[in-house]
Amino acid sequence: MTHVRAVELRLVGLPLVRPFRTSFGTSTEKVCILARVETDDAEGWGECVADIEPDFSAEFNEGAWILMRDLLVPALVRAGDVTVEDLDRVFAFVRGNPMAKATIVDAFLDAELRARGESLANYLGAATTRVACGVSVGITPTTEELLAQVEGYLAEGYRRIKLKIEPGLDVERVAAVREAFPGILLSVDANAAYALEDADVFRALEPLGLLMIEQPLHHDDLVQHAALQQMLTTDLCLDESIRSAALARDAIELGSCRIVNIKQGRVGGALEARRVHDTARAAGVPVWCGGMLETGVGRALNLALAAMPGFTLPGDTSGSARYFPEDLTAPFVMAPDGTMAVPQGPGIGVDPLPERLDACTLRRETIRP
Ligand code: SMG
Ligand code: MG
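Here, residues in each chain are numbered from 1, in the same order as that chain's written sequence. To label them, take the chains in the order written and letter them from A, then take the ligands in the order written and number them from 1. Confidence filtering applies because this is a predicted model: local features only for residues at pLDDT of at least 70, side-chain atom pairs given and counted only at 80 or more, and all residues used for totals across whole chains, interfaces and linings. With hydrogens and water excluded, all non-hydrogen atoms of the structure serve as input to the side-chain values.

1. A closer look at the packing of aromatic side chains
Ring pairs shown here join Phe, Tyr and Trp side chains whose ring centres sit within 6.5 Å, with only the six-membered ring taken for Trp; geometry is labelled stacked below 30 degrees between planes, edge-to-face above 60, and tilted in between. Within the structure shown, the criterion is met by four aromatic pairs. On the numbers, 5.8 Å between centres and 85° between planes, the contact of Tyr-153 with Tyr-158 is edge-to-face. Neither Tyr-153 nor Tyr-158 differs from the other in exposure class; each is buried. Judged by centre distance (5.7 Å) and plane angle (35°), the ring pair of Tyr-323 and Phe-324 falls under tilted. Considered together, Tyr-323 and Phe-324 belong to a single accessibility category, that of buried residues. Two limits define a charge over a ring: the Lys NZ or Arg CZ must be within 6 Å of the ring centre, and within 35 degrees of the ring normal. Here the guanidinium or amino end of Arg-160 rests over the ring plane of Trp-288, the centre of that ring lying 5.2 Å away. The classification of residues rests on relative accessible area computed with a 1.4 Å probe and restricted to protein chains. Under 20% of the type maximum is buried, over 50% is exposed, and intermediate values are partly exposed.

As structure tokens, then:
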């Protein structure tokens, strides 16, 4: 049993190495909330995957901050002695908001594991100590720039390239990459930018031998994705649409996708992410670990998740250098073979560097009983 004494929230900001453009906008800076949970025995860290604006999902930093400060943390403190398995119940009075809930769940779990000296990887049932890494390439101003970026990432060893696409910047761009690099594992991610009426775009992608097409249609839709999947040989993968293990089960039963992207923050934390993994694995559906441009804190957690046995495809678990000139933790470095080590220390196995954390902190607040 664990008793929470206090939770510190920090809003942190880190410049990105290059702007990251998706179908819904361009990020030039990573701004997110970190939670530090202090218990009687240890402290633990959680990173919120929400962004400045509610664009990838309905959640956003300022909303998540208020929800954590005014509802989730007070409920956790009031709950007294609990274990991480109790938190679903403790937070059940708040509907939705998986990203805010995940931040507190993950920080609490990290503290619980550190108190007993167990690694998150071990807790989750990791099947490996190194995971295969892919990289997500944003929409570029020109095709030449896209080819240059892809070439650079391949030279570093990345084992799968994912191209962001949007209407008008799709088939031609992807075909150019395929022509330049015929043998690579290549996928695309539309971030919900298309409608079923755009099926011709996806038909035109079919001959390019893509590993998958990620979230082509509306972020909340399962039925139209099932219709699109029926029309295509290429596997669809859902990201935004999968906000819980129950939705993963629905999507698989409906035939809305044949691959699932798991982002723990999108589904409410590491425990629900494990349930998504278990659901997909039982159905024979491959999963892989998505990314939300996490700092080293969130990256450490993602690596532990990605080590579970159902994660059979390379994840968006890229090295720190792909995102930040300087990370919040010691940098995560990918080996030239395109794999990264899973942290093995207690909990998530890493800590933010104190000076670096302070330098990146935009705001902080501690919630006590
Ligand atoms: O962390 O490498 C990463 C980013 C991977 O493409 C990525 N994430 O839809 O999968 C996705 C996007 C969402 C992030 S947009 C800020
Ligand atoms: Mg995606």
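2. A closer look at the sheet that holds strand E2 (residues 25-39)
Hydrogen bonds between backbone atoms are what pair the strands of a sheet, whose relative direction is either parallel or antiparallel. Pairing between strands is defined by DSSP: at least two bridges between them are needed. Secondary structure elements follow DSSP: runs of H or I no shorter than four residues count as helices, runs of E no shorter than two count as strands, and numbering proceeds from the N terminus. With antiparallel pairing, the four strands of this open sheet are ordered in space as E3-E2-E1-E13. A single partner strand is all that each edge strand has here, and the edge strands are strand E3 (43-47) and strand E13 (361-367). When strand polarity is set aside, the average angle formed by the axes of neighbouring strands in this sheet is 20°. Sheet topology note: the strand E1 (residues 4-22)/E13 ladder contains six bridges and is antiparallel. What sits directly across from Leu-11, in E13, is Arg-363. Contacts from helix H1 (residues 61-79) reach E1, E2 and E13, with the element oriented near 155° to E1. We call two residues in contact when some of their heavy atoms are within 4.5 Å. Axis lines are fitted to C-alpha atoms, over the contacting stretch for helices. Their N-to-C directions set the angle, which ranges from 0 to 180 degrees. Most of the contacts of helix H3 (residues 98-116) go to E3, to which it runs at about 150°, and overall it touches E1, E2 and E3.

3. Describing the coordination of the magnesium ion (ligand 2)
Protein-derived coordination of the magnesium ion (ligand 2) comes from Asp-189 (OD), Glu-214 (OE) and Asp-239 (OD), at a distance range of 2.1 to 2.2 Å. In this analysis a donor is any N, O or S atom within 2.8 Å of a metal ion (3.2 Å for sodium, potassium and calcium), and since water is not included, sites may seem incomplete. Here the donor residues of the magnesium ion (ligand 2) are spaced in sequence according to D-x24-E-x24-D. Of this pair, Asp-189 sits in strand E7 (residues 186-189) while Glu-214 sits in strand E8 (residues 213-214); the two residues are 25 residues apart in sequence, bridging distant segments of the chain. On the basis of relative accessible area, Glu-214 is assigned to the buried category, the value being 0%.

4. So, the site of ligand 1
Being near a molecule or strand, for a residue, comes down to having at least one heavy atom within 4 Å of it. Around ligand 1 lies a shell of 16 residues, among which Ser-136, Asn-191, Lys-263, Leu-293 and Tyr-323 are the nearest. Any N or O atom pair separated by 3.5 Å or less is treated as a polar contact, with the protein-specific requirement of one donor-capable and one acceptor-capable atom, and with residues adjacent in sequence counted only for side-chain atom pairs. Met-292 is positioned such that a nitrogen or oxygen atom in its backbone is 3.3 Å from an oxygen atom of ligand 1. The backbone of Leu-293 places a nitrogen or oxygen atom 2.7 Å from an oxygen atom of ligand 1. In this description, accessible areas are obtained by the Shrake-Rupley approach with a 1.4 Å probe, and a residue is regarded as covered only by the protein chains that are shown. Computed on the free molecule, ligand 1 has an accessible area of 440 Å², of which 98% lies beneath the protein chains in the complex.

5. Considering the sheet that holds strand E6 (residues 160-164)
Taken in spatial order, the seven strands of this open sheet run E5-E6-E7-E8-E9-E10-E11, and their pairing is parallel. Two strands bound the open sheet, and with one partner strand each, they are strand E5 (134-137) and strand E11 (287-289). Across three bridges, strand E10 (residues 259-262) lies against E11 in parallel orientation. If you follow Val-260 over to E11, its bridge partner there is Val-287. Sheet strands touched by helix H11 (residues 270-282): E10 and E11. Its angle to E10, the strand with the most contacts, is close to 170°.

6. Considerations on helix H5 (residues 143-156)
The α-helix winds at 3.6 residues per turn, so residues separated by three or four positions along the chain end up facing the same way. Over its 14 residues, H5 extends 20 Å from the first C-alpha to the last, a length consistent with the 20 Å expected when each residue adds 1.5 Å. Among all positions of H5, only Leu-146, Gln-149, Val-150 and Tyr-153 are buried. Taken down its axis, H5 places every buried residue within 100° of arc, on the same side. Exposed residues lying more than 90 degrees from the buried face of H5 are Glu-144, Glu-151 and Ala-155. Turning to H5, the residues buried within the fold contact E1, E5, E6 and helix H6 (171-180). Count one or two residues on from H5 and you reach Gly-157, which has phi positive near 115°. One less than the residue count of a helix, multiplied by 1.5 Å, gives the span that helix is expected to have. The arc in question is formed by the directions pointing from the helix axis toward the C-beta atoms.

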